[in-house]
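Survey of secondary and tertiary structure
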Amino acid sequence: MDCQKIIKTLIHKDFIKITHSGKCFEDGAAVYAKEIRENLFLLFIILKDIDIDNIQALIAHFDCFSNIGLKEPEQIMFYLSIKDKNDLHYFEQYLNASHN
C-alpha cells in the first residue's frame, strides 16, 4: 500500500484534508482529519515526497475542527508512527478489516 492508496482510503472514509500553515505540523505534510466524538478527532499526517515510513496517526482533542493546524491540540490521547514495512502491513490489515 502506498501513500496514494492510503489517501484514497481516508477520503473514502470521510476524512477531510486540513489546510495548515506548517506551525503545528511539518511543512508539506498532508493532514487528514475526522471528528469521532465532539471535539475529538482522528488525524493522519502524511509527509509529502518522503518514503512511506513517515505516516503518523493520532487521536486528539481540539476546541473545534477549524483549529486543527492552527493551534496545538488540547490533549493527545493516542499516537501511532508508522516506521517500517511491518507497521504499514498491520495498518493496511486494520484498514481492510474496517471495511467489513
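Here goes a summary of the coordinates provided. Here the residue numbers are simple positions, counted from 1 along each chain's written sequence. Thresholds applied to this predicted model are a pLDDT of at least 70 for local features of residues and 80 or more for the giving and counting of side-chain atom pairs; totals over whole chains, interfaces and linings are not thresholded and use all residues. Only hydrogens and water are set aside; all other atoms, that is, all heavy atoms of the structure, feed into the side-chain values.

**Focus on the overall build of the chain**
Counting secondary structure elements, the chain contains 2 helices and 5 strands. Numbering goes from the N terminus for both helices and strands, where a helix is a DSSP run of H or I of at least four residues and a strand is a run of E of at least two. Listing every helix and strand of the chain by position from the N terminus yields α-β-β-β-β-β-α. We call a residue buried when its accessible area falls under 20% of the maximum for its residue type, exposed when it is over 50%, and partly exposed in between, using a 1.4 Å probe and counting protein chains only. Looking at the chain as a whole, 36% of its 100 residues are labelled buried. When contacts within the chain are restricted to residue pairs at least 6 apart in sequence, those whose partners lie at least 24 apart make up 35%. All accessible-area figures derive from a Shrake-Rupley calculation using a 1.4 Å probe, and residue coverage is judged against the displayed protein chains alone. Accessible area for the chain stands at about 6,500 Å²; split by element, carbon and sulfur atoms hold 49% of it. Residue contacts are defined here by distance: any two heavy atoms, one from each residue, within 4.5 Å place the two residues in contact.

**A word on the side chain of His20**
Relative to the helices and strands, His20 is located in the loop between β1 (16-18) and β2 (29-37). You can call His20 buried: its relative accessible area is 17%. Setting aside residues no more than four positions away along its own chain, His20 makes contact with Phe25, Glu26, Ala29, Val31 and Gly69.

**As for the environment of His61**
Here His61 shows up in strand β4 (residues 55-61). C-alpha separation for the pair His61 and Leu40, spaced 21 residues apart in sequence, amounts to 4.5 Å.

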